[in-house]
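# Observations on the three-dimensional arrangement
For reference, the chains in residue letters:
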Amino acid sequence: MTRTLLSEAEGYALLAAHKIPVPNHSLTTTPEDAVRAAGAIGYPVVMKVVSPEIIHKSDVGGVKTGIGSADAVRAAFTQIRDSAHSRAPDARITGILVEQQLPPGLELIIGGKIDPAFGRILTVGLGGKMVELLRDVSLRVLPVSDDEINDMVGELKGYPLITGYRDEPPRDKKALVRIIRSAADLFLSDLTLSEFDINPLVLYGDGACAVDARFYREDREVPRETQSSAGMDNSLLDISSIAVVGASQDPGKIGYAICRNLLTFPGSLYPVNPKSPMILGRQAYPDLASLPEKVDLAVIAIPAAGVPGVIEEAGKKKIPLSIIISSGFREGGGEGRNLEEDILAIAQRHGMRIMGPNCLGLMLPHKGINTTFDPVSPRPGRIAFISQSGAIITTIVDWSLPEDIGFSSVISVGNQADLTFEDFIRFAGDDPQTRSIILYIEQIRFGKRFMDVVRRVSLTKPVVAIKSGASRLGQRAASSHTGSLAGSYDVYMAAFRQAGVIPARSIREAFQAAELLSSEGYPRGTRAIVITNAGGFAVLSSDYAERFGIEMVEFPPDLVSELDAVLPANWSRANPIDMVGDSSADRFARTFDIMIRRQDLWDIAFIVAVPSAISDPIRVANEIVRFSRHTHKMIVGCMIGGDSMKTPLRILRDSRIPNFPDLEDAFRTVGNICQHKCSSGFPGCRHG
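One structure accompanies this document, and this report is about it. Predicted model only: the values in this text are computed from it and were never measured. (Residues numbered from 1 in each chain as written. Predicted model: local features only at pLDDT ≥ 70, side-chain atom pairs only at ≥ 80, totals over all residues. Heavy atoms only, no water.)

### Notes on the overall build of the protein chain
For the protein chain, the helix and strand inventory stands at 22 helices and 30 strands. On the principal axes, the C-alpha backbone points of the protein chain span a range of 95 × 80 × 35 Å. Long-range contacts, defined as pairs at least 24 residues apart, comprise 72% of the intrachain contacts of the protein chain with a sequence gap of at least 6. Put simply, the protein chain shows about 28100 Å² of open surface, and 51% of that area lies on carbon and sulfur atoms. The distance from the centre of the 74 positive side-chain charges to the centre of the 80 negative ones in the protein chain is 2 Å. (Helix = DSSP H or I, 4+ residues; strand = E, 2+ residues; numbered from the N terminus. Contact = heavy atoms within 4.5 Å. Areas by Shrake-Rupley, 256 points an atom, 1.4 Å probe, with all protein chains shown as cover. Lys, Arg positive; Asp, Glu negative; His and termini not counted. Charge placed at Lys NZ, Arg CZ, Asp CG, Glu CD.)

Right, dumping it as structure tokens:
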């Protein structure tokens, strides 16, 4: 495609056609033309260089403001032309734009770009010369509703400047929302536009005007995303027989590790190797054609060059699913990309589905299936972990064992030649063993499809995602303000928000959120109580609640009176409930009983318990379990300590109550859950 920058006059015409106000203006080619134009428009005027090669006009001395006379117009014309020629000698200057100088107002930016994963993106923020410095912007994947546009405006740190800040008058928010709507519709309807920004859009107490605009147009329409493939039939993972192509007797080979992991698989296992009649005590077969039955799954772990032949063989055997562990495909470019296209074409011809290539494989602990070469297998549990990185999977599975974390499924998507993140997210959403889903994402290939699937799944099961690539290092410099503001990572975060995904900044944070949600579900709101036997942690709780957007409930007098009856005279008499350091398990229990009766006042309870000579941590843990069973609210365990807490923590874990050994982690996790579920409009979510 060939990309061209529209002249400012062309950009103004485009905006005006979509009812976005622009200044009175005229394109001129001589000083006398400029004088006539300025007289018709009315002084003062602004003059700007017009050149398809000059993107940032101020950088070449191409803008003059406050021009108030004919002589000043002539002088400005010459100065702009000469400065532009001097600083951009190769630029083709098509004229000087003379336009109405508008009174000052609040400067904003509205922009759009095409993201390779998610398509057309809309950006709104504070504008002007310092737009990249302030970086106060909000992003959404198009299309957007009017409610979402209102949310975008409200998210800006500079939003008080719109509503009226100190002695500043309020600005015309309705006009702003209307113009954003028009800009979004323009960008969606004209598929030849690939990028634009309106900067600044000057907002007044009554109305607004687009003072500067930049539009990039391609020589043909930019195609919309197409569906990647037919969705996966979940019955593909109802596996009762497996063939391992590349099975080996050599412990140093991947095929050996895969077969070893499948020895406990309760179904039929068929090692395939033309050179070994027996592998790990199982009869081996020379090829797939010689298997005594059609199998449900072929796991392929041979050099890439041999994979097309095996896929052809599997297709003829009518094997419905192949997992390609082998690397050397699209991830390496060149011939590898062609090889990947070849195996996909073969599979499609036979109606076969493919996981990978270049993936670790599949673990379904409840079914005794581990097709990976990971040296350990995870425990069964309620978290589905879907990852683009095999190394992350092996690390997490190893870490999960001493942490006593289990999985309903662990899936490595690899290159996603056929089956993608979306297929496995849908599977996990339908899987009765799964209560929450964690994604480790490097790149999404089909952004709109991803959003559609996750939006549906996240309504019933939490989806937490870690996106690598937050750093701006190595990102290509963008030609427009919008391009520099809407970086790839920022677009992913916007898409996550719209789809109901809870973003996490680390693996630890992701698992803390997923474990909490798989046990407790979503809180209905952000109203919290804290019950503790540690005064210092009570103070920290208030600090953390404010930092992470959690509302500490103010107790009504009658509740304080109820608590007075069961707590010592020197208790905090407020929320957080500091029951003081000599609190026994009975004191926890009596406080819990009151809060069970008063569940209408709160949504989340943080139970912070530390070792003491008086309290029995084991009994306290059992009381927390009882408290959880008699409420329908989120209970967050924070039993903090060393060896004395090992058995209590086991009690909580056995009752599926997650515990946070760090209080800040607990509040950060709950705050993140509340922020993203409420902001994405999750049913029942409310504040206060």
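### Focus: the pattern of salt bridges
Applying the stated criterion across every chain, the model contains 44 salt bridges. As a salt-bridge pair, Arg505 and Glu509 come within 3.4 Å of each other at their nearest N and O atoms. Classification of Arg505 by relative accessible area gives exposed; the value is 60%. With a closest N to O distance of 3.3 Å, Asp558 and Arg598 form a salt bridge. Taken together, the residues span a long stretch of sequence, with Asp558 in helix H18 (residues 557-564) and Arg598 in the loop between helix H19 (585-597) and strand E29 (604-609) at a distance of 40 residues. Given the relative accessible area of 14%, Arg598 is considered buried. Where salt bridges share partners, they join Glu8, Lys48, Lys57, Glu99 and Asp212 into one cluster. (Salt bridge = Lys/Arg side-chain N within 4 Å of Asp/Glu carboxyl O. Buried < 20%, exposed > 50% of the residue type's maximum accessible area, 1.4 Å probe, protein only.)

### A closer look at the packing of H19 against helix H20 (residues 617-629)
Remark: H19 packs on H20, axes separated minimally by 9 Å, with the N-to-C direction vectors making an angle of 10°. Between H19 and H20, the angle falls in the class roughly parallel. Counting all contacts with H19, which are made through Ala585, Asp586, Phe588, Ala589, Phe592, Asp593, Met595 and Ile596, the residues of H20 involved are Arg619, Val620, Glu623, Ile624, Arg626 and Phe627. (Axes fitted to C-alpha atoms, helices over the stretch in contact; angles between N-to-C directions. Parallel < 35°, antiparallel > 145°, perpendicular 65-115°, else oblique.)

### Side note on the environment of Asn622
Topologically, Asn622 is positioned in helix H20. Overall, the relative accessible area of 41% leaves Asn622 in the partly exposed class. Between the C-alpha atom of Asn622 and that of Val153, which follows or precedes it by 469 residues, the distance is 47 Å.

By themselves, these are just geometric observations and shouldn't be taken as functional.
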